[in-house]
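A structural walkthrough
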Amino acid sequence: MTLQELLRKRKKAILDRCLNLLFDTYPHDSVTLMKNQQNSFANPVGSTFRRELEIILDGLSEWADPGDLTPSLDAIVHIRAVQEFRPSGALAFMVHLKKAIREELQGMQTGPEHLDDLARLDLRIDELTFAAFDLYVACREKIAEIRVGEARAERDRLVRVVQAMTRGHGSRVTGHGEKS
Amino acid sequence: MADDKLKPEEILNVSYEPADRDWLTPTAVFRKGTYSYSAPLKHQKYLDLPNQREWNPADADWKLPENWKEIILEGMGRLLKRHRSFKLYLDICVRCGACADKCHYFLGSGDPKNMPVLRAELLRSVYRRYFTVAGKIFGRLAGARDLTEDVLKEWFYYFFQCSECRRCSIYCPYGIDTCEITMMARELLNLVGCNIQWVVEPASNCFRTGNHLGIPPHAFKQTFEFALDELKDLTGISIDAPINRKGAEILFVAPSADYFASPHWHTFLGYLMLFHEIGLDYTWSTYASEGGNFGLFHSSELAKRLNNKIYAEARRLGVKWILGGECGHMWRTIHQYMDTFNGPADFLEEPVSPITGTKFDNARSTKMVHITEFTADLIKHDKLKLDPARNDRWKVTFHDSCNPARAIGLFAEPRYILQNVCNHFFDMPENTIKEKTFCCGSGAGLGADENMEMRLRGGFPRAHAVKYVKEKHGVNMVSCLCAIDKASLPPLFEYWVPGVEVCGVHELVGNALVMKGETRTADLRGEPLAQAEEPTA
Amino acid sequence: MNRMWIALIAVLALIIIPWVGVGAAGLTLLFGVGIPYIACLIFFVGFIYRIVSWAQSPVPFHIPTICGQQKSLPWIKANNRESPHSYWGLFARMALEVLFFRSLLRNDRAELKQRQRLIYSSNRFLWAGGLLFHWSLIIVLFRHLRFFTEPVLPGIAFVQNLDALFHVGLPALYITDVAIIVGLSYLFLRRVIYPQMRLISLPSDYFVLLLIIAVVLSGVLMRHFFKIDAEKAKELALSIASFRPVIPTAIGLPFYIHLFLVSILAAYLPFSKLMHAPGVFFSPTRNLKNDSRARRHINPWSYPVKVHTYEEYEDEFREAMKEAGLPVEKE
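These figures come from a predicted structure and were not determined experimentally.

Further remarks concern the overall build of chain C. Counting secondary structure elements, chain C contains twelve helices and zero strands. In sequence order, chain C lays out its α and β elements as α-α-α-α-α-α-α-α-α-α-α-α. Projecting the C-alpha coordinates of chain C onto the three principal axes gives extents of approximately 100 × 55 × 45 Å. A buried classification covers 51% of the 331 residues belonging to chain C. Within chain C, residue pairs in contact and separated by at least 24 positions form 66% of the contacts whose partners lie at least 6 positions apart. Of the side-chain charges in chain C, 33 are positive and 21 negative, and the distance between the mean point of each set is 13 Å.

The next thing to look at is the domain arrangement of chain B. Residues and elements named next belong to chain B. Domain boundaries assigned for chain B yield domain 1 (24-195) and domain 2 (203-512). Contact residues are listed per partner, giving 36 residues for domain 1 and 39 residues for domain 2. A buried area of about 3100 Å², summed over both sides, lies between domain 1 and domain 2, and 55% of it is on carbon and sulfur atoms. The interface formed by domain 1 and domain 2 contains one salt bridge. Note that E453 and R31 form a salt bridge whose closest N and O atoms lie 3.8 Å from each other. Counting across the interface, domain 1 meets domain 2 through 16 residue pairs in polar contact (both at pLDDT 80 or more). Of all the secondary structure elements, the ones that give two or more residues to the side of domain 1 that touches domain 2 are α2 (41-46), α5 (104-109), α9 (167-171) and α10 (178-191). Ranked by the residues each element gives to the side of domain 1 that touches domain 2, the list is headed by α10, at six residues.

Moving on to the environment of P327 of chain C. Relative to the helices and strands, P327 of chain C resides in the segment after α12 (310-323). You can call P327 of chain C partly exposed: its relative accessible area is 39%.

Accessible area lost upon the coming together of the parts serves often as the stated size of an interface. Each assigned domain of chain C is listed with its residue range as follows: domain 1 (2-108 + 118-300) and domain 2 (305-331). Spacing between the C-alpha centres of domain 1 of chain C and domain 2 of chain C amounts to 62 Å.

Turning to the sheet that holds strand β7 (residues 501-504) of chain B, a few remarks are in order. Residue and element names in this part refer to chain B. Across the sheet, three strands lie side by side as β5-β6-β7; this open sheet has parallel pairing. Among the strands making up the open sheet, the edge pair consists of β5 (396-399) and β7. The mean angle between the axes of side-by-side strands here comes to 35 degrees, regardless of whether they run parallel or antiparallel. With four bridges joining them, strand β6 (residues 477-480) and β7 adopt parallel strand pairing. Within β7, the residue paired with S479 across the bridge is C503.

What follows is about the sheet that holds strand β3 (residues 321-324) of chain B. Residues and elements named next belong to chain B. Read from one edge to the other, the open sheet built from four strands follows the order β2-β1-β3-β4, with strand pairing classed as parallel. The open sheet is flanked by β2 (282-283) and β4 (368-370), the only strands paired with a single partner. Where strand β1 (residues 250-253) lies against β3, four bridges are found, and the strand directions are parallel. Residue V253 lies in a different strand from β3, and its bridge partner there is G324.

A few words now on the interface of chain B and chain C. The partner chain C presents 83 residues to the 107 residues of chain B that form the contact. Inspection of the region where chain B meets chain C yields eight salt bridges. Here R50 of chain C ties to D91 of chain B by a salt bridge, and the two come within 3.2 Å at their closest N and O atoms. Across the contact surface, chain B and chain C share 63 residue pairs in polar contact (both at pLDDT 80 or more).

What counts and how
Counting restarts for each chain: residues are numbered from 1 in the order of the written sequence. The lettering of chains begins at A and the numbering of ligands begins at 1, in the order of writing. Where local features are concerned, this predicted model is filtered to residues with pLDDT of at least 70; where side-chain atom pairs are given and counted, the filter is 80 or more; whole-chain, interface and lining totals use all residues. Hydrogens are left out, water is left out, and the side-chain values use all remaining heavy atoms of the structure. Strands here mean DSSP runs of E at least two residues long; helices mean DSSP runs of H or I at least four residues long; both are numbered from the N terminus. Each residue is assigned to one of three classes by its accessible area relative to the maximum for its type, calculated with a 1.4 Å probe on protein chains only: buried under 20%, partly exposed between the two thresholds, exposed over 50%. Two residues form a contact once any of their heavy atoms are found within 4.5 Å. Note on charges: Lys and Arg go in the positive column, Asp and Glu in the negative column, and His and the chain ends are not counted at all. Where a charge lies is defined by one atom per residue type: Lys uses NZ, Arg uses CZ, Asp uses CG and Glu uses CD. Annotation comment: domain bounds sourced from an automatic or database domain assignment. Two parts placed together each lose some accessible area under a 1.4 Å probe, and the buried area is that loss summed for both. Basic side-chain nitrogens of Lys or Arg form a salt bridge, by our definition, when they fall within 4 Å of a carboxyl oxygen of Asp or Glu. Polar contact is defined as a pair of N or O atoms within 3.5 Å, subject to the rule that within protein one atom must be able to donate a hydrogen and the other to accept it, and that residues adjacent in sequence are counted only when both atoms are side-chain atoms. Any two strands with at least two DSSP bridges between them are considered paired. For helices, the axis comes from a line fit to the C-alpha atoms of the stretch in contact; other axes are also lines fit to C-alpha atoms, and the angle between any two N-to-C directions lies between 0 and 180 degrees.

Written out as C-alpha cells, the structure is:
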C-alpha cells in the first residue's frame, strides 16, 4: 500500500486525532460543545475546523497543490488569529497535523518504501505551515487595517463636522462643556 | 496579538493547554484588543458620574474609592429591592446549561466565562456570599466568593463583553435574561466609576448636544445642507428638510450616526427622499436628534436622563406623534422603557398615518412608530411608486438587529419592505435570524476600535451565516435596522466575508423609490442604477 | 469533581441519620412525627417568605423577551403565543413554558448537518430528560395523595392504575418510578460527564439531584424489596395530616429513611434553586405581554432625574442657531 492509500484509509482517525489536538487548545470546559454540536450555525468554530481540516487532509493524501488548500487554511487561521492565542499557539494546529499523521501511521505497516513519501509529506506540511504563517500575518494586518479604517472614518466624520461648522457661519467650534 | 512583551522564558514556553481552574478564581487578563478604554475625565465630569478620575483598566491600580466594597454591596442591596428580575434571576438559575452555547462571544472565543450562565455566576457568587444564608455559612462550597478587587476587575472584563443582545434569554426555561444581569453589573461598576469611553463619551455628547458626536446645532443643520445638495445632484429634485419646526404633525427621530457616518448616510438620504415624496408634514430636531440611548448601557438613570429629550422636544414643538428611524437599542428604549421613564405622553395624539389613515394601535400609549411599520403600511396601501430593479445589483439578506427582534418582534415589517424594494432577497438560516438572530458583536457600547479582536470573535457567528448565504445565493448586501450594526458589520465582513456590504432598509427604499420629477442615473452610493429608467417628466 | 463527592457524602450522611436514629436508637416519634412537622413548617414558611420577598421587589420596566412577530399592522399575522398581545396568548406562552419547557426546545433544527451519524443536540436531550423527570414527579406526588385521603379519591386510584398499566411484578411496578429514575440519572450524568456542565455545577446542584434520587430509590426499595407495612404508613400519614399524630408502630426502617429524606428535601427547598418552580411564574421576561407601546408600564420607584433642558441647550447654542437660521425660543 502506498502512503497515500494509507492516509486515505486512516483519514477519519487522523482527522479525529487532529481535531482533538486542536480542540484541546481551548479551555477544557468549552470543548464538548465545540466537538459535538453538529449544526454549523450553532457551532461555527468547531464546524469550520472540522470541515476545513478534512479538506486539508484530503488534499494531502491526493498530493493536491498547496495553493488549492490555502482557502481552507485561511478559514482556520482567520478564527485562530482573533482568539486568545499567541502567534505560535494560533498556528500550532499545523504541528498537530503532522503529529496526528505520525501517530496514526505508527500502527500501520509503514516500511522503507514509504520513507520518500513521508519526507515529501513532511515537506508539504511544512510548506503549508509557512503558508499559514503568511495568512496569519495577513489576518493581523487586516485587523490593524480595519482599526485604522475606523479611525480614518472617525476623522472623516469630524472633518465633515468641522466643515459644516465653518461653512458660511464663521467658526464657532465650541469646546465640550464650555458655555458660550 | 499579545503586544504585551513576552519574557525570554515565556517565548519558548509553547504549551497550548489552558489551565483548568475553578471559575470562582477571578481570571481577567486585560490583553490589548479585548477590552475597551476607560471613560475620559471630562465626560465623567459632564455627567456628574461617581468617582471621577483618569484611570486605565490595564493598570494594577484602578483608583477605587476607599469604601468601594461597601458602595458595591449597598448598591447591590438597592438593586435587589428595585428589580424583581435581578433578585429572581440570581435565585432561580438551575445551571441547566441550555444557554451555554447560545452566546456569540462564547461561540467565537471558547472562553467558558462567556457562557451566559457563568457570566451571571460571576455576580451570583458575590450575591450568595453577602445576601444568602448558605453562602455566608458555606462560602465556596455554596458557590460563594468574597468581593475582591480582582473580582471587580473580572466583572468589568466580562460585563463589558456582553452586548446585552438577549439571545440567551430566549433559550432559558425561566427566561433568565443575561442582559438584565449585565445591566445591573454595569450599574454597580458605575457606582465606583468603572465605565468605558464608548459608553460615557457618546452619552455625555448626547446629553449636551443631542447627538453622540457632540455636534452643535448649526453644524447639524449644515450636514442637512450637504445631504440635500447630494440629493439634488442624484435626483434633480430640491428637497426640503424642516428642522426644529413648530406645529409639524410628526417629529422624526433617528440615531445620530445617520447624519454623519457611513453607510448610515445613505439611509438618511432614503428617509429624506421618502418623506419628501409622500409630502409628510414633519420636522427634525437638533435638540432631540439622537434616538439611540447610550445611557442604557450605563444605568437606567442615565438612560432616563437622555431619553427625556424626545418627549420634551415633542411637547415643545407641539407635534401630534413621533416617528423613529432605524436603530437597535434606541428601539429597545422606546418600546420597553420610554413610556415608563418619561411618560405619559398624554400631550400627544394616538399615531395615525397621514397618508393612509392607518391607526398604529400598537403604539397608542407611547405614541412613537417605527419607520418600518410606517413604510410597510405605505407600501401595502400602494402609496409609493417603487422600481425594485434599481436594486438589482444587490442580492440582499436581512440581519435582524437584536433589539428590534427580541424587544419588539419586528420581523415581518422590514422583510415586507425589502421584498418590495428589491428583487433578490434571501433569508439566512433559520437559527440565525428573527428571535434567534446573532448579534453583530459590538452592541451595548463595545464597538470601540481598541476592542476589535473581541468584536471579531463575537461577530463570527453572524458572519458565518452571512458567508453561507453568500456562497449559496451570491448575497452581497446585508440590510439591517441598527446604527451600531451599520457601523460594526462592515469591518466584521471585511474580515470574515469580504465582498459583502451593509445598508439600512431605507437606503434600498430610497434607491427603489420613483420620485415625481426625478432625473436619476445613480443610486444613493453614486453607482449607476442597475436599470436606469427614463426620467419621468 | 470534588463538588460531586461533597454532595454525595452529604446525601449518604443524611441516609445514615435515620438509620441510626430509628434503627439503633428507636426514635420513631422524632423521625415519624417531629421531624416531618418541623420540615413542613420550614417548607411552608420558607416558601411563602421567598415568594413574598420576590413579590416585594417591583418590576420597574416592561422587559419581555419576544420570540415572535409583534401585533402591529392588521394585515401582518401576529404570533400571539411567542409575542403575546392578549391574555390568552400570555397564558398559552406561560403554559407551554411551564408544562412543556418550550424554550428548551427552541430551534436546533439541524441545517447543514455534517456527515457524522450521531446527531447530537444537548438541548433536546435536556428537554426530554427534564420533561421525563418533572412529569413523573408530578404523577408520583399525585399518587402519594392516596396515603392522605380515606377513602382514596377516585382520580388518584385512576392515575395509580394507569401508572401501573403493565402490572409487572407484585406490587405492580409504576411506569413513573422507572421514568423518574431514568430522567434523574440523565440529569445527573450530564453534570458528571460533560466538562462544561462540571464547570458550572455547584455542590448544591449535585446535592438536590442526589437527594431526590435517594428519595425515589428509598421509595422504590421499600415498595418492592423491603416491603414495609403500607397500611401502617398510611395510618401515620393520615394522623399527621389530621394533626392528631399517633405514635407509629413498626413500619420498617426504609420508610423512616424515605420520610426523613423527604423532610430534608422539603425543608431545603425554599432555600435552594428548586424555587425555580414558583419562580418561573414571576419571570418578567416571560410573564408580560408585548404591549409596552400600547399600555404604559409604571415604575413604582421612579424618581426625577437631572436632565438637560431645551432652555439650557438653547442658552448654550443660541447665537449659532440664529446664525444658521434655526428657529429659537428667545431672541
